[in-house]
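# Architecture and fold: a report
Single-letter residue listing:
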Amino acid sequence: MILSCGEALIDMLPRTSTLGEACFAPYAGGAVFNTAIALGRLGAPSAFFSGVSTDMLGEILADTLKASNVDTSMLARSGRPTTVAFVKLVNGQATYAFYDEATAGRMLSVDQLPELPPSVETLFLGGISLVHEPAAATYEALQMRECAQRVTMIDPNIRPGFIAGHEAPYRARIERMVARADIVKLSDEDLHWLEGPGDLTVLARSILARGPKIVFITEGAKGARAVTATQDRFVAAVPVTVADTVGAGDTFNAGALAALHEAKALTKAGIAAVSDGVLDAALWLGVRAAAVTVSRPGANPPWAHEL
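Residues numbered from 1 in each chain as written. Predicted model: local features only at pLDDT ≥ 70, side-chain atom pairs only at ≥ 80, totals over all residues. Heavy atoms only, no water.

Turning our eyes to something else, we now look at the overall build of the protein chain. Tallying secondary structure elements over the protein chain gives nine helices and 15 strands in all. When its C-alpha atoms are laid out on the principal axes, the protein chain stretches across 55 × 45 × 40 Å. Looking at the 307 residues of the protein chain, the share that counts as buried comes to 56%. Counted over contacts in the protein chain with a minimum sequence separation of 6, partners at least 24 positions apart contribute 70%. By element, 57% of the accessible surface of the protein chain is carried by carbon and sulfur atoms, the whole surface being about 12300 Å². The centroid of the 25 positive side-chain charges in the protein chain is displaced by 2 Å from the centroid of its 32 negative side-chain charges. (Helix = DSSP H or I, 4+ residues; strand = E, 2+ residues; numbered from the N terminus. Buried < 20%, exposed > 50% of the residue type's maximum accessible area, 1.4 Å probe, protein only. Contact = heavy atoms within 4.5 Å. Areas by Shrake-Rupley, 256 points an atom, 1.4 Å probe, with all protein chains shown as cover. Lys, Arg positive; Asp, Glu negative; His and termini not counted. Charge placed at Lys NZ, Arg CZ, Asp CG, Glu CD.)

Take helix H6 (residues 200-208) next. Residues of H6 that are buried include every one of Leu200, Thr201, Leu203, Ala204, Ile207 and Leu208, and no others. Mapping the buried residues of H6 onto a view down its axis gives an arc of 160°, with all of them on the same face. Capping the start of H6, Asp199 holds a side-chain oxygen 3.1 Å from the backbone nitrogen of Thr201, two or three residues further along. (Arc of directions from axis to C-beta. Polar contact = N/O pair within 3.5 Å; in protein donor to acceptor, adjacent residues only side chain to side chain.)

A few words on the sheet that holds strand E13 (residues 214-218). Taken in spatial order, the nine strands line up as E6-E4-E1-E10-E11-E12-E13-E14-E15 in an open sheet, and their pairing is mixed. The sheet terminates laterally at strand E6 (70-71) and strand E15 (232-236), the two strands that pair on one side only. Bridge analysis of strand E1 (residues 2-5) against strand E10 (residues 122-126) gives four bridges, and the strand direction is parallel. By the bridge assignment, Ile2 is partnered in E10 with Thr122. (Pairing = 2+ DSSP bridges.)

Below, the discussion takes up the packing of aromatic side chains. In total, this model carries seven aromatic pairs according to the counting rule given. Plain terms: the ring middles of Phe86 and Tyr99 are 5.8 Å apart, the flat faces sit at 85° to each other, and that makes the pair edge-to-face. One end of the pair, Phe86, is in strand E8 (residues 84-90); the other, Tyr99, is in strand E9 (residues 93-99), with 13 residues separating them in the sequence. Classification of Tyr99 as exposed rests on a relative accessible area of 52%. Each ring, one from Phe98 and one from Phe162, has its centre 4.5 Å from the other, and the planes form 70°; the classification is edge-to-face. A residue pair is termed long-range when its members are at least 10 positions apart, and Phe98 in strand E9 and Phe162 in the loop between strand E11 (151-155) and helix H4 (167-180) qualify at 64 residues. Put simply, the rings of Phe24, Phe86 and Tyr99 pair up and form one aromatic cluster. (Phe/Tyr/Trp six-rings, centres within 6.5 Å; stacked < 30°, edge-to-face > 60°.)

The structure is reproduced here in structure tokens:
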């Protein structure tokens, strides 16, 4: 089972009412939440851990997970409110305004960490849940507790506007978690934010030098790359008409993890000795699934039968 650990929130997406007025519609979302949903829809054994409210919006989140075959037994439920993010789209690119003070997700504490069953083989972590305390420290503590015995993957999904004023502690946390991870996924923009300008493969190998075995890099409309100490594999993106890019990277993560699970490569030994063919399969499923997500509004990952 792949346990996705991180934020769950309600995205308020811009729409037009039947009267022609600008309005917002609520959609269940959050980067790590989207990955859990996409994994469940792709047929991989998927579970989700986060602080989730018992309020009306929290029920929407829990029900959405269950409808996509995601195990919700490890959720940390509380009466705190649900995080809400208002989304602005410019030429299909999303920017966000977050309302996150004292929410169920942000206030997640170490004493709410679950004991993981043996069926959990992999932890996926990332997103804005790694920015603010106490949740950020809680997720890091979970990775630290489990990384010796389970595969861990991190996608920071860096939002410069969201981390303003927290850059130094945030960067330090990402550096520590990257060093513990077996797999790191970064967009090309994230990679440059962390490592500065330069060739993507060279920069990816600077990440590998800290401990990870695989670095996935998404390059937007170009495609995606997988870099190891000895391999540099690339798969071109699938051409589609883009509705918006909400959830694209999250869906890629799910596709890559689902392919690695299918190949029985989600073990410490399997990740360390991954073949070209398995990397190509991970990239291909990642870009195919992401292509479906960007072709329709919001974070709406595909089911396996749609591929």
